[in-house]
Structure formats: structure tokens, C-alpha cells
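Coordinates in review
Here's the letter readout for the chains.
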Amino acid sequence: MSENLEDFNDVSVYGIAPERRDVLLSRHDECAVTWSTSDGWPVGVMHIYIWHNGHFWVSCMPERKRVAALRARPRSSVIVAFEHEQTVTAKTLATVHEHGSTHHDWFYHALARKVLPTQPASVQALGEDAWVERIDSPGRVVIEFTPQKWISFDGRKVGAHAEGLWQPGDPWIEPDE
């Protein structure tokens, strides 16, 4: 390798490939959703999400301030941090789906399959349908975030570059996980 890591002025060379990004997003379950308030302040909260057909999906009650804010100003972002200093940020456009939309049924079941294994045995024993019935409260909305632009970072590449094991522009081989 001819070029050593000299500075961190351009970290865009340490991005995550789209295929890897999709694998990571499918396996992970928590993200930060951000939006702007009516007076222009950025704000965000953590959400359990589903990555489905290239979109982020979350749910909450319509009284949450983020729902009105995202209806009025759909420009938003979703941030996901993974192990080994890998992060993905998507600039997104939000769509709020009202309770009872065609998205609610598949989303609630996908969310149940993701969340139930982490619940106490007594909750797991009730099954997926009982969990869905519990979350499907009147008015609950599902929010879809459609990525418009991606920003990603893979800290493993920085380490490999610093050690002279990889250079930006060379193919990246994923280590066995």
C-alpha cells in the first residue's frame, strides 16, 4: 500500500456500501428519528424501526409533537449506529399513515416478530396476535421515512487504512462475523 492515513479531513472515503447498509439496517432495531420544530429547532427521539422495501417505518400515537411536525415539514432524517463504529444517516421525507391504513397490519406483525423475542416469557407466551392487538390502539399512526440521500461511515476502514491493510478505492472485504 502506498498511501498512509495522514488526517481525517475527508472521511467520505470510509462509507458503507449499499449492500452492506441494507444488511445492517435489516438486522438492527433502533434508530434516531429527527425533524424540525415550528421555530426551526432540530429535535429527535429514539424509535424501534422496521426496514422494509428501502424505507424506515415507525409508529407512535398521533398526539406526539413529531406527528404534527412531520405532517407540516416532512424533511427529516434517520440515524442508525451499529457495532464497530459503523453509522448510517438518511436524509428522509416522512409520510404519516393514519390508523387503519394498509400499512398497519403488516407493520404491526413485523414489529411484533422483531420485539417479541426480547420480551418477558409471559408476554411471549401470549403470541404475536396478542402483541399486535395491544399496540393497535385507536388513532395510532405509522410513519414511513423515504430515504433521499445517504451518509455513512465505517470506522473499520479507518483502522485498516491506518494499519496499511486497505486503501480508499480498493475493494473492501467484509470480515467473517
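Keep in mind the model is a prediction, meaning the values are calculated, not measured.

Overview of the overall build of the protein
In terms of helices and strands, the protein carries 6 helices and 7 strands. For the protein, the sequential pattern of α-helices and β-strands runs α-β-β-β-β-α-β-β-α-α-α-β-α. Judged by the C-alpha coordinates and their principal axes, the protein covers about 60 × 45 × 25 Å. Within the protein, buried positions represent 39% of all 177 residues. By sequence separation, contacts in the protein at least 24 residues apart represent 66% of the contacts at least 6 residues apart. On the protein, roughly 10,300 Å² of surface is accessible, and the fraction owed to carbon and sulfur atoms is 53%. Side-chain charges of the protein comprise 17 positive and 25 negative groups, with the mean position of each set lying 9 Å from the other.

Section: a negative patch on the surface
A contiguous patch of negative charge, built from Asp105, Asp129, Glu133 and Asp136, is present on the exposed surface. Tracing the chain through its elements places glutamate 133 in helix H5 (residues 128–135). Glutamate 133 sits in the exposed class, given a relative accessible area of 65%.

Points about the pairing of strand S1 (residues 30–36)
Judged from the 7 bridges that link them, S1 and strand S2 (residues 42–48) form a sheet pairing that is antiparallel. Bridge pairing in S2 links serine 36 to proline 42. The hairpin formed by S1 and S2 contains 5 residues between the paired strands, and glycine 40 there has a positive phi angle of roughly 90 degrees. Direction of pairing for S1 relative to strand S5 (residues 75–82): antiparallel, over a ladder of 3 bridges. Across the sheet, residue alanine 32 finds its bridge partner in S5, namely isoleucine 79.

Brief notes about helix H6 (residues 155–162)
Counting buried positions along H6 gives 6 out of 8 residues, so the element sits mostly inside the fold. Residues of H6 that are buried make contact with helix H1 (18–27), strand S6 (86–97) and strand S7 (141–154). At the C-terminal side of H6, glycine 164 shows a positive phi close to 80 degrees.

Regarding helix H3 (residues 102–115)
Its 14 residues give H3 an end-to-end C-alpha distance of 21 Å, which sits within 8% of 20 Å, the value for a rise of 1.5 Å per residue. Every buried residue of H3 is listed here: His104, Phe107, Tyr108, His109, Ala110, Leu111, Ala112 and Val115. Contacts made by the buried residues of H3 are with S2, strand S3 (50–52), strand S4 (55–60), S6, H5 and S7.

Thresholds applied
Counting restarts for each chain, with residues numbered from 1 along the sequence as it is written. The predicted nature of this model means local features are confined to residues of pLDDT at least 70 and side-chain atom pairs, given and counted, to a pLDDT of 80 or more, with totals for whole chains, interfaces and linings taken over all residues. To obtain the side-chain values, all non-hydrogen atoms of the structure were included, while hydrogens and water were left out. Strands are runs of DSSP state E lasting at least two residues, helices are runs of H or I lasting at least four, and both sets are numbered from the N terminus onward. Only protein chains enter the calculation, and the probe is 1.4 Å; a residue is then buried if its accessible area is under 20% of its type maximum, exposed if over 50%, and partly exposed in between. We call two residues in contact whenever any of their non-hydrogen atoms come within 4.5 Å of each other. A 1.4 Å probe and the Shrake-Rupley method give the accessible areas. Residues count as covered only by the protein chains that appear here. This count recognises Lys and Arg as positive and Asp and Glu as negative, with His and chain-terminal groups excluded. We put the charge of a Lys on NZ, of an Arg on CZ, of an Asp on CG and of a Glu on CD. Surface patches are drawn from residues lacking salt bridges whose relative accessible area is over 30%; two like charges belong together within 9 Å, two nonpolar side chains (Val, Leu, Ile, Met, Phe, Trp, Tyr) within 5 Å. We define a salt bridge as a contact between a side-chain nitrogen of Lys or Arg and a carboxyl oxygen of Asp or Glu at a distance within 4 Å. Pairing between two strands requires that DSSP report at least two bridges joining them. One less than the number of residues in a helix, times 1.5 Å, gives the span that helix is expected to have.

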